[in-house]
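As a plain string of letters, each chain reads:
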Amino acid sequence: MMLQQLFDFFFPAQCAGCEKPGTGACERCLPRQARTHGRLRTLEVTSLALYEGNVRQAVLALKNGRRDVARSFALRLCELVEPGDVLVPVPTTDARRRERGFDGCVLMARAIAERTGATALPYLVQVAGDRQRGRTRDARLCARGRFAWRGEALGGLRVTLLDDVVTTGATLEDCAAVLRAAGAAVEKAIAVARA
């Protein structure tokens, strides 16, 4: 933590969307009234905003390794989480984690848990396939069986999935199916942005 404080002192955060100093994603770029709600096949999904403009820029900054943006998103996502919630972050590929040095959704889930009293269970792993970026809508919707649960049985635990961007919802549905097979009740997901 001390190293991060030193880094923040010498290189203060600025909004990845508009470059305003002070935070990785500012209130102007991510206003509370921008939230979206929608239904996938089996999940209710709430996101902070649509995946466009400055929000898109901020998400891309997260995907390119900006931890300060992950912390800013986590602060805002805390508003969608209750104490006692159980969060399961949607994992990135091993290659992307090595490239960035972290998994953005895992980082956000842990930060949210620290602030809200929720529990983060980062035991969902990607075991097949690759990232969804660049795929057609049909190819995204057909992608299944890409995840596995590496934690203990979930025994009826009510779980909320956490993702950075929801496009078709195929990834969330794939993850939800794996968690249900491990015994969880999965009815909702939260995300930074929705396309």
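Below is a summary of the structure that appears in this document. For clarity, every value in this text was computed on a predicted model and none was experimentally measured.

Core analysis: the largest hydrophobic core is formed by 32 residues, its most contacted members being Phe73, Leu77, Met108 and Ile112. Contributions of two or more residues to this core are made by strand E2 (44–50), helix H2 (53–63), helix H3 (67–77), helix H5 (104–116), strand E7 (158–166) and strand E8 (185–194). Once residues within four sequence positions are removed from consideration, Met108 is found in contact with Leu62, Ala70, Phe73, Ala74, Leu77, Leu162, Asp164 and Val192. Judged by nonpolar contacts, the second largest core, of 24 residues, contains Leu43, Phe147, Trp149 and Val159.

Attention now goes to the sheet that holds strand E3 (residues 86–89). Taken together, six strands build an open sheet; the order of strands is E1-E2-E8-E7-E3-E4 and the sheet is mixed. Each having just a single partner strand, strand E1 (36–39) and strand E4 (119–120) make up the two edges of the open sheet. In the sheet, E3 pairs with E4 via two bridges, with the strands oriented parallel. Opposite Leu87, over in E4, you have Ala120 as the bridge partner. H3 contacts E2, E7 and E8 of the sheet and is inclined by roughly 130 degrees relative to E8. Set on the sheet, helix H7 (residues 170–181) makes contact with E2, E3, E7 and E8; between it and E7 the angle comes to about 160 degrees.

What follows concerns the state of the cysteines. This structure, assessed with the given rule, holds zero disulfides. Note on Cys15: no disulfide assigned, nearest cysteine sulfur contributed by Cys29 at a separation of 3.7 Å. Looking at Cys15, the relative accessible area reads 1%, which means it is buried. As a non-bridged cysteine, Cys26 has Cys18 as the owner of its nearest cysteine sulfur, 3.6 Å distant.

With that settled, consider the environment of Phe73. Secondary-structure assignment places Phe73 in helix H3. Excluding anything up to four places from it in sequence, Phe73 contacts Ala25, Leu30, Leu48, Ala58, Val59, Leu62, Met108 and Val192.

Right, let's get into the pattern of salt bridges. Counted under the stated rule, the structure contains 14 salt bridges. Here Glu173 and Arg41 are joined by a salt bridge, their closest N and O atoms 3.9 Å apart. Taken as a pair, Glu173 in helix H7 and Arg41 in the loop between E1 and E2 lie far apart in primary sequence, 132 residues in all. Using a relative accessible area of 63% as the deciding quantity, one classes Arg41 as exposed. Among the ionic pairs, Arg66 bridges to Asp68, the shortest N-O distance being 2.7 Å. Owing to a relative accessible area of 27%, Arg66 belongs among the partly exposed residues under this scheme. Connected through salt bridges with shared partners, the residues Glu27, Arg32, Arg35, Arg76 and Glu79 form a single ionic network.

Position of Pro31 relative to the elements: it lies in the loop between helix H1 (2–10) and E1. Once residues within four sequence positions are removed from consideration, Pro31 is found in contact with Leu48 and Arg76.

Turning our eyes to something else, we now look at H7. With twelve residues, H7 should cover 16 Å at 1.5 Å per step; its first-to-last C-alpha distance of 17 Å lies within 8% of that length. For H7, the buried fraction is high: nine of the twelve residues fall into the buried class. For H7, the full list of buried residues reads Ala170, Thr171, Leu172, Glu173, Asp174, Cys175, Ala176, Val178 and Leu179.

Conventions used here
- Residues numbered from 1 in each chain as written.
- Predicted model: local features only at pLDDT ≥ 70, side-chain atom pairs only at ≥ 80, totals over all residues.
- Heavy atoms only, no water.
- Core = buried A, V, L, I, M, F, W, Y, C linked by side-chain atoms within 4.5 Å.
- Buried < 20%, exposed > 50% of the residue type's maximum accessible area, 1.4 Å probe, protein only.
- Helix = DSSP H or I, 4+ residues; strand = E, 2+ residues; numbered from the N terminus.
- Contact = heavy atoms within 4.5 Å.
- Pairing = 2+ DSSP bridges.
- Axes fitted to C-alpha atoms, helices over the stretch in contact; angles between N-to-C directions.
- Disulfide = S-S within 2.5 Å.
- Salt bridge = Lys/Arg side-chain N within 4 Å of Asp/Glu carboxyl O.
- Expected span 1.5 Å × (residues − 1).

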